[in-house]
Amino acid sequence: MSNFFLLGLPRCRSVWLSYLLSYGDSYCHHELLSNKQMPFMNRLPTMQGITNVGSADTYPLNFSESIVKDSPLVIINRPLEDTKQALSKSHGYIPDDDLECVVERMYEKLQNIHTNNQININFCDLNDRKVILKIMNHCGVYAHSTHINKLMGTNITTSNSDMNNTNHGAV
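Summarised in this report is the structure supplied together with it. (Residues numbered from 1 in each chain as written. Predicted model: local features only at pLDDT ≥ 70, side-chain atom pairs only at ≥ 80, totals over all residues. Heavy atoms only, no water.)

To continue, consider the overall build of the protein. Looking only at helices and strands, one finds six helices and five strands in the protein. Written out in order from the N terminus, the α and β elements of the protein read β-α-β-β-α-β-α-α-β-α-α. Looking at the protein residue by residue over its 171 residues, the buried ones come to 47%. A sequence separation of at least 24 residues applies to 79% of the contacts in the protein between residues at least 6 apart. Surface accessibility of the protein: about 9000 Å² in total, with carbon and sulfur atoms responsible for 48%. (Helix = DSSP H or I, 4+ residues; strand = E, 2+ residues; numbered from the N terminus. Buried < 20%, exposed > 50% of the residue type's maximum accessible area, 1.4 Å probe, protein only. Contact = heavy atoms within 4.5 Å. Areas by Shrake-Rupley, 256 points an atom, 1.4 Å probe, with all protein chains shown as cover.)

One non-glycine residue, R11, adopts positive backbone phi at about 70 degrees. For R11, the position within the fold is in the loop between β1 (2-8) and α1 (14-20). A residue is classified by how much of its surface remains accessible, and R11, at 23% relative accessible area, is partly exposed. Phi at K69 is positive, roughly 50 degrees, even though this residue is not glycine. Within the secondary structure layout, K69 lies in the loop between α2 (65-68) and β4 (73-77).

Moving on, we come to the sheet that holds strand β5 (residues 118-122). In any sheet, the strands associate via hydrogen bonds between backbone groups, in a parallel or an antiparallel arrangement. One open sheet accounts for five strands, arranged β2-β3-β1-β4-β5; its pairing is parallel. Looking along the sheet, the strands with just one partner apiece sit at the ends: β2 (26-30) and β5. When the angles between neighbouring strand axes are averaged without regard to direction, this sheet yields 20 degrees. With five bridges connecting them, β4 and β5 associate as parallel partners. Directly across from I75, in β5, lies its bridge partner N120. Across the sheet, helix α5 (residues 129-139) is in contact with β1, β3 (52-57), β4 and β5; its angle to β5 comes to roughly 160 degrees. (Pairing = 2+ DSSP bridges. Axes fitted to C-alpha atoms, helices over the stretch in contact; angles between N-to-C directions.)

Next up on the list: the state of the cysteines. With the rule as written, the count across this model stands at zero disulfides. In this model C139 remains outside any disulfide bridge; the closest cysteine sulfur is found in C28, 7.3 Å from its own. (Disulfide = S-S within 2.5 Å.)

And the structure:
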């Protein structure tokens, strides 16, 4: 079994990417590393019939090299101020000192993650089909063009009630 990981700040299209990367023998969890138990595990859970398992996460403070090791890692870079504005629009994010500090620490941590098998993608490039194919190839996900076409141009997000859910229905 192989693993892959995506990491970014909140509102980096991680849910959309987890759907995109769940195809055939690949499944991408959403926010699995954010699960409180995950930092103490040394690998992603296995799934019957799935040989390529990933996780798309938006809480870089839980990032652990002991889990990722040499697995493919995709870092989604989005400017801090854009992230704060997107949080404000979608989840009523009202900056206070504590929340501001957490978001800034997350941004700082994300900027300082470097692994041997990592690619960095700018958030603004996620509508480019070539960039999407680059992410998929890096993660070892080989999807039919109809799967990609179906998701390109769509917007998949979580609601506040879904924030504790680490999985999604495979598309």
